[in-house]
Amino acid sequence: MKRDFFSTFKYPLLILAVITLIAGGYSFTKMKVALFPEITFPKIKVIVDAGQRPVSQMAVSVTRPLENAIKQVPDLATIRSTTSRGSCEISAFMNWSADIDLSKQQIESRINEIRNQLPADASISVEKMNPSILPVMGYSLTSNKLNPIALKQLALYTIKPYLSQVAGVSDVRIIGGQDKEYWIQLNQVKMSALGITPQLVAQSFSSTNFILSNGYLSDYRSMYLTLTDAQLTSMQQIESMVVKGSGKRVVQLRDIADVMIHPAKQYIKVNANGKESILIAIVKQPSANVVELSRAMQAKISQLKKILPKGVQIRSYYNQADFVNNTVHSVMDCLWIGLLLAVIVAVIFLKSLKPSITLLLTLPLTLSLTLIVLKLTGQDLNIMTLGALAAATGLIIDDAIVVVEQIQRFHEQSENQPAGSVAREAIRYLFKAMLGSSISTVVIFIPFVLMSGVAGAYFKVMTSTMIITLICSFFITWIFLPVIYLILSTSNKVVSNYIPSHPVQEKKWVRFFIHRPVYSIIFLIILIGSIILVIPHLSTGFLPQMDEGSVVLDYASPPGTTLEETDRMLHQIEKIITANPSVEAYSRRTGTQLGFFITEPNTGDYLIQLKKNRSVTTDEVINSLRQQIEATQPALRVDFGQVMGDMLGDLMESAQPIEIKVFGSDQKVIQQYSRQIAAILNSVKGTADVFDGITIAGPSLMVHPDFMRLSQYGITPTDFQFQLQNGLEGNEVGSVFDPLQLTPVRLVYPGNSNMSLSAIRNQEIFLPGGQRKPFSEFADFSITGGVAEQQRENLQNMGTVGARLENRDLGSTMQELQNRIDKEVNLPPGYSIAYGGAYAAQQKSFTELALILGLSSLLVFTTILFLFKDIRVALIILMLSVLGIAGSYLLLYLTNTPLNVGSYTGIIMIVGIIGENAIFTYTQFKASLKEMSKEHSIIYAISTRLRPKLMTAIGAIIALMPLALGIGTGAQLHQPLAIAVIGGFLVALPLLLIVFPTMLNLIGGKEKQGDRNLI
C-alpha cells in the first residue's frame, strides 16, 4: 500500500517540530521586553528660554516668528504654543507618516534661518517626543556628612559617569542639589571711600581672568606655543586680584569685598520620601531592553555603594522594569492558564487522552512558531504582542480542536484503517474549510492598517501579531498536528486499539427549530433590537485603562508664591501621602517636572509608587488623596494621573481626557469664557481636577528709570540695571577653572538674598566718582499683577479648559458637557469652541473602527463567496456574523465595560470567528447533501458539528476568562477585548446551531430520493 505523507515524513516533521520548540524558546529569551511597543510619536517640542521678558514681548519677538517658521515645515499637521514670562513652548505635531528625524532637522533648519531675528540671549532646545525621553529608573542620593555642594559634585562627576557605563543608558540626569559658586560680596562703604564702582570690579575680573595664545616661538629646532595665563583658579587668587592701582596704592579685591564659596540661588527643590535629596533619573536608549537594563543597573548600583564615601546613601524610588515584569508575567499567566483550561475542556468532551495530549502539544508549538516569526520581524515582547497572543488563544484553540476532533471522529468510525490514513483523510476532508476559515479570521485584521493616531500605532502592532499567530496556527494544525497524533498512536498499520464509536445521533431540537423558522426570526429581531437599545446606553472610552500601581501628582501653588512657601504647603501634602497605607515610596520635584516642559518655581510633580500587595486600586488611592489634599490645601491646584497614561497624554495633544478649546482674537474674552466653561465642568458629575487653563505668572516689580536724572550723573541705563541686579540676583562676571568644572563668579551686595520691596528702593547706586545715592532718586517703582500665559493653535489665540474623569465614562460625560455648553455659553461672533483631548481621539478612532468593521465584514463575505460560490449562503453567513456582535454589546453593557478601542477590536474579531465556524458547518452540510436530503443533511451537519462547536466555544471562553476577569497587572488593558469576544461567542452558539440551519432550510438545495440513515 502506498504510504501517505504524514506516515512517510513522520520523523523528519517530528525533528522539525522539536527544532521549532527549541527555536521558539530561544527567541523568547532573546526578545526585548518592554511595556509598550517602541513607537515614534510624531511630536516635536521646541522650548525657548529668553530671560524674564514679559509675556507680550515674548509673544511678539519669539513665539510668533518661530511659529511662522515652523509652519512651513512639510508634513506639519498642527502647531500649538504656550508663551510664558521669559519662555515659550511650541509643539509641532507631524503626520504619522512623516520621517520624524527629518522633520526635526527641518524644524531646526527653519529656526536657524531666523535665529538673527530672535533675542541674542534666547536659548533654544528642540526634542523629539517619545517614551524614551522619560526616566525608566530613579534613585535618591542623600548624605549626613557631605554638604549639599559636595554631594552635588559627587553626583555629577562620580556617580553620573559611573552609571553611564551601563549598556543601554542614554542619559543620567541629576536633579536638585546645590551648585557651587564663588560670591564676591561687595563692601559698599569701602568701595565708596576708594572711588571704586561695581562696573570697575567686573571689568577688572574680565580683563584679568583669561588664557590666550601669543603665537609660536622658534628656538633652534624646537617650536613653542606661547600662552599668557592670567587665569584665576582658586579663592586666594580671586581675593588677590587687583581692582585699581596707582603709584600710591594698589587695591586688591580682598580690600573691598569678601570672597566665599556659596550655593547658587536655586528655584528647584526635590526630595524623596520626605527627605531633601538629589534625584538620579536613568533614561534608556530607544532600543534598550528595560528589564535587562534594570538588572545591569542594579548590579552597577551594588558596586557603586562600595566606593561611595561613608554617610552617602543611594536608594531606588522608581523602577519601570518592576511594572513591566509584573505586566508581562501576568499576561503570560493568563495565556497559559487559559490554554490549560481549554485543554481540560477538550479532555472532557473527547473522552480520550490521546487527542487531548495532541492538543496540549500543538498549542506550545503554535506559540513557538509565532515567537520565531515575531523575532524575525523585529517585534518585542510587550503588552500588545503578548496581549495579542492571549486574545488569539480562542482562535488557536478553535483551529486545533476542529482538526483533533475530526481526526478523532474518523478514528472512531474507521476500525481497520491505518492511523496515517485516518489523519490524511481527516485533513483532506477539512482542508478547504480550514483554509477558508483561516483566511476569514486573518482578513478581518487587514483593514486595521487604516487606523491612525496613537490607537492605531499600538493596536496595529496587536493586530499584526494576531495575523502572524493565526497563519502559524494554520500551518501547525495542517502539518504538525496530524504527525503528533500519528506518533501517539500505538500502531501505524491499523488502528489496533479500537476506540468505541460515539454515534452521531439525530438532534430532535434541530428538526424542531428548522420546521419553525419563526423562533429564529424572533431571535434575530431580539438581537437587532438589543443592538439598537444597548448601544446608546453603553459607556464609552478611548484607550483601555490599566492599574499601573504608580501615581503622578502635578501641582501648582498660587501665582507668585515663593519656593519656600510652596515647599511648606507641600510638606502638608506629604503627611497625607505617607499616611496612606497603600503608598510605598514617593519623590517630589518643585520647579521642575518629569518630561520636557516649561516649569515655574511654584509648580512641580510627585511620583508616588504604591505597594504591590494592596487591597485597593490605584484609582481608589487617587480619589482618597485628592479628597484629602483638596480639603486641607484648597489653594493648591492638583492634577492626578498614572505614569503611563500621563506619558501617553503628554505625547499626544492633551494630557487630560477632557479638553475644551476656546478660539478667538482677544485673550481677555477667551479667559472669561474659559472660566465659565470651567465652572460648568465643575458642576458636571464625574469630573475631577478641573483647570480653566489660565496660568498666571507671579506679580512683577516694575522699575522705570528716569533717563534725564541718570544722564545728569553720567549713568547709563545699562549701568543702572547692572547695579540694581547686584542687589538682587547678582551679576555673573566670569568663571573660575576648577579641576572638575568652570565655577561661576557672582558679584553681589550683602543681604541680597533677603531684599524687601522697601529695601530695594533704599538700595544705593554708585555714581561714576564712587559716591552713592538711593535708587529711588533715579527711578519709579510700581507693582503689577501677574499676566496670563498665552496659548495658540495653528497661529490662532486659544484657551484650553481641561479635566479628568472620576467614576464615570468619557462618552456620557462629554455628552452632558456638550449639552450644557450649547445651552449656557453664548459666544460672540468670531469665537468658537472645539473639543479635543481623548474625546477627539476617541471620535476619530470610532469612525475608523466603524469603517474597519464594514471592510472586515465585506472581506469575510468575499472569502465565503470565493469558497462556496453561492451568494445566498455568503449573505446568510455575513448576516449571522454581523448580528453576532449583539452578544458583545450585551456583555459589555451587563459588565459595565466601556466601548473603547480594545472592546471594538473584540467586536470586529467576532465577525471573523462566526464566519469561521459557519464555514465548517456549511462544508459538512455540502458533503452530506451528496447522500442525503437537504433536511437530513442540515440535521446531520449540525449534529456532527455540535461537539466541536461546543468544545471551541467553551474552550475559547475559558481561555479568555483570565483576561476577562482582569487577573494580574496589566490584564485590564485587554479586558474589554476579552469580554467582547466572550459575549460574541455566547450569542454565536444559538446563531450557528439554530438560526443558521433554519436559514439553510429556507433556501433551495439539492434533494436526494433516498436518505441515508443517521447513525
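Cut-off values and rules
Residues numbered from 1 in each chain as written. Predicted model: local features only at pLDDT ≥ 70, side-chain atom pairs only at ≥ 80, totals over all residues. Heavy atoms only, no water. Pairing = 2+ DSSP bridges. Helix = DSSP H or I, 4+ residues; strand = E, 2+ residues; numbered from the N terminus. Axes fitted to C-alpha atoms, helices over the stretch in contact; angles between N-to-C directions. Contact = heavy atoms within 4.5 Å. Buried < 20%, exposed > 50% of the residue type's maximum accessible area, 1.4 Å probe, protein only. Phe/Tyr/Trp six-rings, centres within 6.5 Å; stacked < 30°, edge-to-face > 60°. Left-handed = near helix turned anticlockwise from the far one by under 90°. Nonpolar A, V, L, I, M, F, W, Y, C, P; charged D, E, K, R; others polar. Salt bridge = Lys/Arg side-chain N within 4 Å of Asp/Glu carboxyl O. Core = buried A, V, L, I, M, F, W, Y, C linked by side-chain atoms within 4.5 Å. Expected span 1.5 Å × (residues − 1). Arc of directions from axis to C-beta. Polar contact = N/O pair within 3.5 Å; in protein donor to acceptor, adjacent residues only side chain to side chain. Parallel < 35°, antiparallel > 145°, perpendicular 65-115°, else oblique. Patch = residues over 30% accessible without salt bridge, like charges linked within 9 Å, V, L, I, M, F, W, Y side chains within 5 Å. Areas by Shrake-Rupley, 256 points an atom, 1.4 Å probe, with all protein chains shown as cover.

A. Broad picture of the sheet that holds strand β7 (residues 180-186). Spatially, the four strands line up as an open sheet ordered β12-β7-β25-β24, and their pairing is mixed. Single-partner strands in this sheet number two, and they are β12 (257-263) and β24 (731-737). Here the strands of the sheet are splayed against their neighbours by 30° on average, with no regard to which way each runs. Examined bridge by bridge, β7 and strand β25 (residues 742-748) share four bridges and lie parallel to one another. Its bridge partner being in β25, Tyr182 is matched across the sheet by Val745. Each of β7, β24 and β25 is contacted by helix α7 (residues 198-208), which is oriented at about 25° to β24, the strand it contacts most.

B. Up close: the sheet that holds strand β19 (residues 603-610). In space, the six strands of this open sheet follow the order β14-β13-β18-β19-β17-β20, with antiparallel pairing throughout. The two strands at the open ends of the sheet, each matched to only one other strand, are β14 (275-276) and β20 (637-641). Bridge analysis of strand β13 (residues 269-272) against strand β18 (residues 583-590) gives four bridges, and the strand direction is antiparallel. Bridging from a neighbouring strand, Lys269 pairs with Thr590 of β18. With respect to the sheet, helix α21 (residues 643-651) is in contact with β17 (550-556), β19 and β20, its orientation differing from that of β17 by roughly 55°.

C. Examining unusual backbone geometry more closely. One non-glycine residue with positive phi stands out, namely Asp75, at about 70°. Turning to its location among the elements, Asp75 is positioned in the loop between α3 (55-70) and β2 (76-84). Taking relative accessible area as the criterion, Asp75 reaches 38% and is therefore assigned partly exposed. One non-glycine residue, Asn273, lies in positive phi territory at about 55°. Mapping Asn273 onto the fold places it in the loop between β13 and β14.

D. Examining the packing of aromatic side chains more closely. Considering all chains together, one arrives at 20 aromatic pairs under this definition. On the basis of an interplanar angle of 50° and a centroid distance of 6.2 Å, the ring pair of Phe431 and Phe474 is categorised as tilted. Highlighted residues: Phe431 in helix α15 (residues 419-443) and Phe474 in helix α16 (residues 453-488), separated in sequence by 43 residues. By relative accessible area, which is 28% here, Phe431 ends up partly exposed. We classify Phe474 as buried; its relative accessible area is 9%. Between the aromatic rings of Tyr555 and Tyr606, the centroid separation amounts to 5.5 Å while the plane-to-plane angle is 55°, which identifies the pairing as tilted. Separated by 51 residues along the polypeptide, Tyr555 in strand β17 and Tyr606 in strand β19 bring together distant segments of the chain.

E. The packing of helix α30 (residues 901-929) against helix α31 (residues 934-964), seen in detail. At a closest axis distance of 8 Å, the pairing of α30 and α31 adopts a crossing angle of 145°. Viewed along their axes, α30 and α31 form a crossing whose handedness is right-handed. Residues Asn917, Phe920, Thr921, Gln924, Phe925, Ser928 and Leu929 of α30 touch α31, and the partners they reach there are Lys934, Ser937, Ile938, Tyr940, Ala941, Ile942, Thr944, Arg945, Lys949 and Thr952. The residue inventory of the contact of α30 with α31, partitioned by class, reads seven nonpolar, seven polar and three charged.

F. Spotlight on the pattern of salt bridges. The full count for this structure, using the stated rule, is 32 salt bridges. Here Asp179 and Lys152 are joined by a salt bridge, their closest N and O atoms 2.9 Å apart. Of this pair, Asp179 sits in the loop between β6 (169-175) and β7 while Lys152 sits in helix α5 (residues 148-164), and the two are 27 residues apart along the sequence.

G. Quick peek at the nonpolar core. If you look at the biggest cluster of nonpolar residues, it comprises 224 residues, and the most contacted ones within it are Leu163 and Ile280. Leave out the neighbours within four places in its chain, and Ile280 touches Met137, Gly138, Tyr139, Leu141, Ile159, Leu163, Val172, Arg173, Ile174 and Ile314.

H. Structural detail: helix α18 (residues 517-534). Counted at 1.5 Å a residue, the expected span for α18 with its 18 residues is 26 Å, and the 25 Å between its end C-alpha atoms agrees. All buried positions along α18 are accounted for by Ser520, Leu524, Leu527, Ser530, Ile531 and Val534. Looking straight down α18, one finds its buried side chains confined to an arc of 120°; they lie on one side. With respect to the buried face of α18, the exposed residues turned more than 90 degrees away are Ile525, Ile526, Ile532 and Leu533. Packed against the buried residues of α18 are α28 (871-883), α29 (885-894) and α32 (975-1002).

I. Expanded view of the pairing of strand β1 (residues 43-49). Burial analysis of β1 places six of its seven residues in the buried class, which makes it a mostly covered element. Sheet topology places β1 next to strand β4 (residues 123-128); six bridges connect them, and they run antiparallel. The residue of β4 that forms the bridge with Asp49 is Ser123.

J. Seen up close, the side chain of Thr863. With respect to the helices and strands, Thr863 occurs in helix α27 (residues 837-868). One polar contact links the side chain of Thr863 to the main-chain carbonyl oxygen of Leu859, over a distance of 2.8 Å. In this structure Thr863 touches Gly436, Ile439, Ser440 and Val443, once residues within four positions along its chain are discounted.

K. Seen up close, the packing of α27 against α30. At a minimum axis separation of 10 Å, α27 and α30 run at an interaxial angle of 10°. The orientation of α27 relative to α30 falls into the category roughly parallel. In this structure, α27 contributes Ser845, Phe846, Leu849, Ala850, Ile852, Leu853, Ser856, Ser857, Val860, Ile864, Leu867 and Phe868 to the contact, and α30 contributes Val901, Tyr904, Ile908, Val911, Gly912, Gly915, Ile919, Tyr922 and Thr923. Counted by class, the contact of α27 with α30 contains 15 nonpolar, six polar and no charged residues.

L. Region of the structure containing the environment of Ser213. In this fold, Ser213 is placed in strand β8 (residues 211-219). Looking at Ser213, the relative accessible area reads 47%, which means it is partly exposed. Between the C-alpha atoms of Ser213 and Pro198, which are 15 residues apart in sequence, the distance is 29 Å. The contacts of Ser213, once residues within four sequence positions are left out, are Leu225, Thr226 and Leu227. Only 3.2 Å separates the side chain of Ser213 from the backbone nitrogen of Gly215, close enough to count as a polar contact.

M. Highlighting a nonpolar patch on the surface. Where nonpolar side chains cluster on the molecular surface, the patch consists of Ile337, Leu340, Leu341, Ile344, Ile348 and Leu360 and spans about 530 Å² of accessible area. Among the elements that take part in the nonpolar patch, helix α11 (residues 320-350) stands out by supplying five residues, more than any other. One can find Leu340 in helix α11.

N. Structural view of the side chain of Gln790. By the element assignment, Gln790 lies in strand β29 (residues 790-793). Assessed through its relative accessible area of 16%, Gln790 is described here as buried. Sequence-distant contacts of Gln790, defined by excluding residues within four places in its chain, comprise Val55, Ser56, Ala59, Ser81, Thr82, Thr83 and Gln667.

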